[in-house]
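Results of the structural survey
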Amino acid sequence: MWCLVLSTTQGSSGGWARYVPVELIITRSHAPAPTCILPPNERTHAQLVFGATDAPGLLYSAFLAPPFMVVALLALRDLIRQIATTYAAAPRLKRTIIVMVVVMVWLVQGLVVGPMLAHPRAKGTVLLTLLSLIFVWPPLMIAYAWTTAPSADEARLPIKHSRIALLYHKFFGLNGKYFALKVQVSQMMSVVLQAWTKLPLLGAFVSVHPRLGPVSDIGYVEYYDKGGSPSAPIFWTILAALIVNAIYPMVLLVQRDAFWNRRAVAVVDGMLDLIFGQVFFFTMLLNGMFSAALPTTPIAMLSLFYPTIHVVFCACAIEEAAADLKARKRRRESATARKRGESSFSRSESMVSSRTSMAVTGRVRKTDALPLWKGLRFGAVALGAVAVALFALCHDRYPLLAAIPGPCAPCICNDARVLTGCPYHAELKESFLWIGERGVTAVEKGAFKGNEGAGFIHLYGNELETLPAGVFDDLQSPFSIVLDHNRLTELPPDLFNKLGSLLLLSLDYNRLTEVPPGLFDNLGSLLALFLNHNNITVLTPGLFDDLQSMFTLILNNNNITNLSPGLFDELGGSLQFLFLGHNNVAELPAGVFDRLKHLEGLALNDNRIDTLPPEIFRGLKRAVAIDISSNNISRIDAGTFAVRTNPNLAYVSLAHNAIRSAELEGSFSNALEHLWLTGSNLTCAELAGAEGLLPRGADCTQEVACGGMWGVAPLGNGICDAVFDSQYDTQECLWDAGDCEDTHRT
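A few words now on the overall build of the protein. Counting its secondary structure elements, the protein contains 18 helices and 21 strands. Buried positions account for 51% of the 746 residues belonging to the protein. Across the protein, every contact between residues at least 6 apart in sequence was considered, and the portion connecting residues at least 24 apart equals 64%.

Time to look at the environment of Ala75. You can see Ala75 is positioned in helix α2 (residues 55-86). Between the alpha carbons of Ala75 and Ile309 there is a distance of 9.0 Å; along the sequence they are 234 residues apart.

As paired elements, strand β5 (residues 412-413) and strand β6 (residues 418-421) share two bridges and run antiparallel to each other. Opposite Ile412, over in β6, you have Gly421 as the bridge partner. Counting the residues that bridge the hairpin from β5 to β6 gives four residues, and of these Arg417 lies at a positive phi of roughly 60 degrees. Taken together, the two bridges between β6 and strand β8 (residues 442-443) define a ladder with parallel strand orientation. Pairing of Val418 across the sheet is with Ala442, part of β8.

Glancing now at the state of the cysteines. What the rule picks out here adds up to three disulfides. Between the sulfur of Cys411 and that of Cys422 lies a disulfide, 2.0 Å long from S to S. Note on the Cys411 and Cys422 pair: the S-S dihedral is about 100 degrees, so by sign convention the disulfide is right-handed. Taken together, the residues Cys411 in the loop between α15 (372-393) and β5 and Cys422 in the loop between β6 and α16 (423-428) connect sequence positions eleven residues apart. Here Cys684 is linked by a disulfide to Cys700, with a sulfur-sulfur distance of 2.1 Å. Taking the sign of the S-S torsion, -80 degrees for the link of Cys684 and Cys700, the bridge is left-handed.

On the basis of which strands lie adjacent, the open sheet formed by twelve strands has the order β7-β9-β10-β11-β12-β13-β14-β15-β16-β18-β20-β21 and parallel pairing. Since the sheet does not close on itself, it has two edges, and those belong to β7 (432-434) and β21 (699-701), each with one partner. For this sheet, the mean angle separating the axes of adjacent strands, direction not counted, is 5 degrees. Two strands pair when backbone bridges link them, and strand β10 (residues 480-482) and strand β11 (residues 504-506) are joined in this way by three bridges, in the parallel orientation. The residue bridging Ile481 from the neighbouring strand is Leu505, located in β11.

Bringing the confidence of the model for the protein into the picture now. On average, residues of the protein score 77 in pLDDT, and 74% of them are at 70 or above. Within the protein, the lowest mean pLDDT, 28, falls on strand β1 (residues 2-7), and the highest, 96, falls on β8. Confidence drops under a pLDDT of 50 for residues 343-349, and excluding neighbours within four residues, the segment shows eight contacts in the predicted structure. Scored below 50 in pLDDT, residues 733-746 makes 48 contacts in the model with residues more than four places away or belonging to other chains.

On to the pattern of salt bridges. Following the criterion strictly, the structure yields nine salt bridges and no others. Lys498 is paired through a salt bridge with Asp473; the nearest N and O atoms lie 3.8 Å apart. Taken as a pair, Lys498 in the loop between β10 and β11 and Asp473 in the loop between β9 (456-458) and β10 lie far apart in primary sequence, 25 residues in all. On the accessibility criterion, Lys498 (57% relative accessible area) is exposed. Take Asp473: its relative accessible area is 29%, and that puts it in the partly exposed class. Each member of the salt-bridge network shares a partner with another, and the members are Asp594, Glu615, Arg618 and Arg644.

For the rest of this paragraph, the subject is the environment of Ala426. Structurally, Ala426 can be placed in helix α16. Apart from the residues lying within four places of it in its own chain, the contact partners of Ala426 are Gly450 and Asn451.

Inspection of every chain in the model, using the stated rule, returns 17 aromatic pairs. Taken together, a centroid distance of 4.9 Å and an interplanar angle of 80 degrees make the contact between Phe281 and Phe282 edge-to-face. For Phe282, a relative accessible area of 43% puts it in the partly exposed group. Here Phe544 and Phe568 contribute two aromatic rings whose centre-to-centre distance is 6.2 Å and whose plane-to-plane angle is 10 degrees, an arrangement assigned as stacked. Pair noted here: Phe544 is in the loop between β12 (528-530) and β13 (552-554) and Phe568 is in the loop between β13 and β14 (577-579), with a separation of 24 residues, a long-range link.

What follows deals with unusual backbone geometry. At the junction of Tyr398 and Pro399, the peptide bond is cis and its omega measures out at 5 degrees in the coordinates. With respect to the helices and strands, the residue Pro399 is situated in the loop between α15 and β5. The peptide bond linking Ala409 to Pro410 adopts the cis configuration, its omega dihedral lying at 10 degrees. Phi is positive for His533, close to 60 degrees, though the residue is something other than glycine. Looking at the secondary structure, you find His533 in the loop between β12 and β13. By relative accessible area, His533 is classed as partly exposed at 28%. Here the phi dihedral of His582 falls at roughly 60 degrees; this positive angle occurs in a residue that is not glycine. Structurally, the position occupied by His582 is in the loop between β14 and β15 (601-603). Assessed through its relative accessible area of 37%, His582 is described here as partly exposed.

What counts as what
- Residues numbered from 1 in each chain as written.
- Predicted model: local features only at pLDDT ≥ 70, side-chain atom pairs only at ≥ 80, totals over all residues.
- Heavy atoms only, no water.
- Helix = DSSP H or I, 4+ residues; strand = E, 2+ residues; numbered from the N terminus.
- Buried < 20%, exposed > 50% of the residue type's maximum accessible area, 1.4 Å probe, protein only.
- Contact = heavy atoms within 4.5 Å.
- Pairing = 2+ DSSP bridges.
- Disulfide = S-S within 2.5 Å.
- Axes fitted to C-alpha atoms, helices over the stretch in contact; angles between N-to-C directions.
- pLDDT = per-residue confidence, 0-100.
- Salt bridge = Lys/Arg side-chain N within 4 Å of Asp/Glu carboxyl O.
- Phe/Tyr/Trp six-rings, centres within 6.5 Å; stacked < 30°, edge-to-face > 60°.

What follows is the structure, encoded as structure tokens:
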């Protein structure tokens, strides 16, 4: 599968477009959003979340999953139980609502996991795991919750508790004697835990991402100092929640009214838990902060798990406490009615339990309410903990530091603009390192230490002339390295040798004159390689032999003079698009493309080719488009394009060649959609009038021109407009048969 991404850069660097596999869509910081994307595979998830794809990381993720699954199970069980109890008198309505709930749960699970099934690497055990998350785990969870839901008769009976649960409710439950003490302990732990884990993390997050764009731009567009919306409100929301968490116990627990002293405390507690847990989780997740949303350290994980499970228990406690008070009030009123006249209610009041007294009077006994001085003590200690966390852990970041100093911010450079590290990204376990257009002159070896889990390295638009050997060795499983628009003149031969997981490598718009042998060794996973706009003159034999997963290879706009036999042979099992336009190739060795059996698009435009060897394209059985325009070709021999060897050929450009003779009979199959002849000495009328040259329904162009960045080969009959090509609608850009629709044209 593949997907087209077109993007532009404004300024001296000019425009550029990329045609890459669906697994990798990388665009510049101010480029339009990509046109399509698939979710990452299992390795990508492990990389983004756990910072590594090794066994310990995956085992740790498996260890973290069950507690959250238990919380989900308990929440669904209690929700279905509540529905069954509420609608016990209307069985049909009850079943309808329960069905709607469980279907929604299943749909949400399917929507989250389902798209991952479409990924090419979702095979074997990974595929079975994904399928089980859709078709095994949700049905089991739903079946348990449904079967444990009470029937209409059971709904009228009180919930049975164990002795331990009864003791807990008596002393520490919402109506319990020592409820105030429990709240102080649990909320102090919550304040300390959330302040010491989330404040420094959010401070680093705001420092690295002071502005945020839409979800669709995550990983594609950088919003550091312009565009988007500020991220600071996220920090202040959590800080405000911490302050409220520190203050509300001393305000509510001192009240004598049972509603404020008990029920309001539980409601506020639950709301704060939602902010600390779910609001924080989804905020981080929707901003691409996977490691923050799904932490891996025990304390950070506890800071997420504790509020998640606590909000479930708070909801249960409110429900059970209300039912308990209602039952106690009914029993007390019945007992009072039977004993009326025997003794006064006021005399018997001192003998009833505090929970019954609360149920009858609606007030908390003075001995059960928190004394004011204890409330003030709690507030002072809790606010002190928040202040200490803020000043001790955020002294080098937002909000105490308005912005990270230096030209390489949010990374760190020395005075000579040499990149020394990205410590804030390391703390966040960032997947994307945006270090583009910072004026970086060099990268210090070891600059990526601490960022071992980074997957996407953007170093474009800097002033790099070379890179030290081993500079990327600290990266465990990178997917993309973008080095275009620099001043690179040479690279160490083993620069990328330890990056076996790399999927995309961009070296466009540099000053490379040669590619050292061995530079691409061990890059067996590489899918896209961009060497466009350099000064490369020679491609050494064997240079691409290790790139056996290559999908797209772009060598446009260099000074390549010849192609050695067998240069592309090892790419034959995967290569689908090969761009060699705008070079100085004068001769094509016989058989140079024979092994490229999966190639769909070949661009040889704007070279100095004067002769096409017989059957030069015979190996391109899947070719859809071939562009040999703007060369010195004077003759097209029979068999150059042949139905038997190129049955899928749909787009061919022979434009701007001084063709004096052409034997095209039987060259094109019925798949041909368009043929370009502008400036070739051939006319569409000649071909249309000759029997067997143009298939019925095929179009032909000899004058009309329309814009297109790459010409015929990569795009065929696709999109075209002036935004992507300054030469739109000129004879230099032959494109789309003149029938394209341009919404941007003025």
